[in-house]
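Each chain, written out:
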Amino acid sequence: MLPISDPVGNGTADIAAAARHLEAVGVDAVWAGDHLAFHTPIVESSIVLATAAAVTTRVRLGFGVLLLALRPPAWAAKQISSLQVISGDRVVLGIGVGGENPAEWAAAGVPLHRRGARTDAVLSVLPELLSGAPVQIPDGELVPALLPCGGMPPLWVGGRSDDAVRRAARFGDGWLGMWADEGRLARTAERLGRLAEEAGRARPRTGLVVFVHIGDEHESRAEAESFVSGQYRIPYEKVERYAATGSVDKVAERLAGLAASGVDEFLLFPAAVDHRRQYDLIGEVMHRLRPGGPPTPD
């Protein structure tokens, strides 16, 4: 995850430098969350990923996750296709319905209770929109042709609800979970498989957002608590069991256990003030998990 918010009052980070650093460390993708308004200051996701695209050559660029229903469908498709063009088709499109901050939906003029149906309606036509062809969307708006690009990027559907799992099985290449343990992951993977089979689709891959802080055990917990509670305004004790903190070996062991329960990809969220140091330590964790080491940057 790129440093796009400021839950601990540390000031704005250099997003371009962070993206270059992560590519050098060897991660597979850099990610940006998406909110119009949140508990903390936050930079807009498509601007963040365009910045990352301009200074990298290899890493994929992930929306983690885009609140698709906040935007007019034509503008959302235009942003996605434009990012595909300037990045050389490196976009990973994570989408979700959000809802934890009703104020941003009011500010966008979108009824909160319609966000799920609106998301499904847009997803049903998004592949056509990204093909560049005019499309009649459900509310009657005729969308103009868009810039040529590589078409629909890999789609990951985020969310813990049953509706999110159903959405992933219907539309997604992957499901992106958060605040989930091994038991929940195993149950979700099994349900994804059944729902996808019913829809005549392959089972989506399983992804997981994990908050990490690598370092001294006591300091790791304290800083993770400060970061997560500042970011989400929830008591850290409620979600601590889902985080990975402590030494490189301990974090690697925790992630290996989650991978054994069915996680195909991790979106690691450094819960730290010094994200640069965490990126380097995440590189060490990757070496533990992948004996061959991370990929060499082009």
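Higher on the page you've got the structure.
What you are looking at is a predicted structure, and each value in this text was computed from that prediction instead of being measured.

Engineer: Can you lay out the layout of surface pockets for me, pointing to particular residues and giving the numbers?
Structural biologist: Approximately 1,100 Å³ is the volume attributed to the largest pocket. What lines the largest pocket is a set of 50 residues, and nearest its centre among them are His35, Gly64, Glu100, Met178 and Tyr232. Listed by contribution, the elements that provide at least two residues to the lining of the largest pocket are β2 (60–67), α5 (115–129), α6 (162–171), β7 (174–178), α8 (217–232), β10 (265–270) and α10 (275–289). Residues that form the lining of the largest pocket fall into these classes: 26 nonpolar, 17 polar and seven charged. Estimates place the volume of the second largest pocket at around 520 Å³. As for the second largest pocket, its lining consists of 24 residues, of which Asp28, Phe266, Leu268, Met286 and Arg290 are closest to the centre. Elements represented by at least two residues in the lining of the second largest pocket include exactly β1 (29–32), α9 (248–260), β10 and α10. Class assignment of the residues belonging to the lining of the second largest pocket gives a composition of 19 nonpolar, no polar and five charged.

Engineer: I'd like a description of the packing of aromatic side chains, backed by residues and values.
Structural biologist: Counted by the stated rule, this structure contains seven aromatic pairs. Ring centres of phenylalanine 38 and tyrosine 232 lie 5.8 Å apart, and the angle between their planes is 80°; on these two criteria the pair is classed as edge-to-face. Residue phenylalanine 38 is found in the loop between β1 and α2 (45–55), and its partner tyrosine 232 is found in helix α8; the two are separated by 194 residues along the sequence. This pair shows no difference in class: phenylalanine 38 is buried, exactly as tyrosine 232 is. Arranged with centres 5.7 Å apart and planes meeting at 80°, the rings of tryptophan 179 and tyrosine 232 form a pair that is edge-to-face. Taken together, the residues span a long stretch of sequence, with tryptophan 179 in the loop between β7 and α7 (182–198) and tyrosine 232 in helix α8 at a distance of 53 residues.

Engineer: Residue-level account of unusual backbone geometry, with values.
Structural biologist: Here the residue pair glycine 64 and valine 65 is connected by a cis peptide bond, since its omega of 0° sits within 30 degrees of zero. Tracing the chain through its elements places valine 65 in strand β2. The backbone phi angle of tryptophan 179 is positive, close to 50°, even though this residue is not glycine. Despite not being glycine, arginine 233 shows a phi value in the positive range, around 55°. For arginine 233, the location among the structural elements is in the loop between α8 and β9 (244–246).

Engineer: How would you summarise empty space enclosed by the protein if you had to cite specific residues and measurements?
Structural biologist: One pass over the full model with this rule turns up two cavities of 30 Å³ or more. Space inside the largest cavity adds up to approximately 50 Å³. Listing elements by their share of the lining of the largest cavity, those giving two or more residues are β8 (205–214) and β10. With three residues, the top contributor of residues to the lining of the largest cavity is β10. Along the walls of the second largest cavity sit Ser46, Phe63, Leu66, Ala76, Gln79 and Ile80, which together make up its complete lining. For the lining of the second largest cavity, the secondary structure elements donating two or more residues are β2 and α3 (73–87). Looking at the lining of the second largest cavity, the element that brings in the most residues is α3, giving three residues. Here the lining of the second largest cavity is built from residues that sort into four nonpolar, two polar and no charged.

Engineer: Requested: an account of the environment of threonine 245, with residues and values cited.
Structural biologist: Locating threonine 245 in the fold gives a position in strand β9. Residue threonine 245 is classed as buried on the basis of its relative accessible area, which comes to 15%. Considered as a pair, threonine 245 and arginine 221 are 24 residues apart in the sequence and their alpha carbons are 6.4 Å apart. Sequence-distant contacts of threonine 245, that is, excluding residues within four places in its chain, are made with His213, Glu217, Ser220, Ala224, Tyr236, Lys250 and Val251.

The rules behind each value
- Residues numbered from 1 in each chain as written.
- Predicted model: local features only at pLDDT ≥ 70, side-chain atom pairs only at ≥ 80, totals over all residues.
- Heavy atoms only, no water.
- 1 Å grid on protein atoms, 1.4 Å probe; cavity = no way out; pocket = protein on both sides within 12 Å on 5 of 7 lines; lining within 4 Å.
- Points joined across faces, edges and corners; volume = space filled by probe spheres on them.
- Helix = DSSP H or I, 4+ residues; strand = E, 2+ residues; numbered from the N terminus.
- Nonpolar A, V, L, I, M, F, W, Y, C, P; charged D, E, K, R; others polar.
- Phe/Tyr/Trp six-rings, centres within 6.5 Å; stacked < 30°, edge-to-face > 60°.
- Buried < 20%, exposed > 50% of the residue type's maximum accessible area, 1.4 Å probe, protein only.
- Contact = heavy atoms within 4.5 Å.

Just geometry here; none of it tells us what the structure is for.
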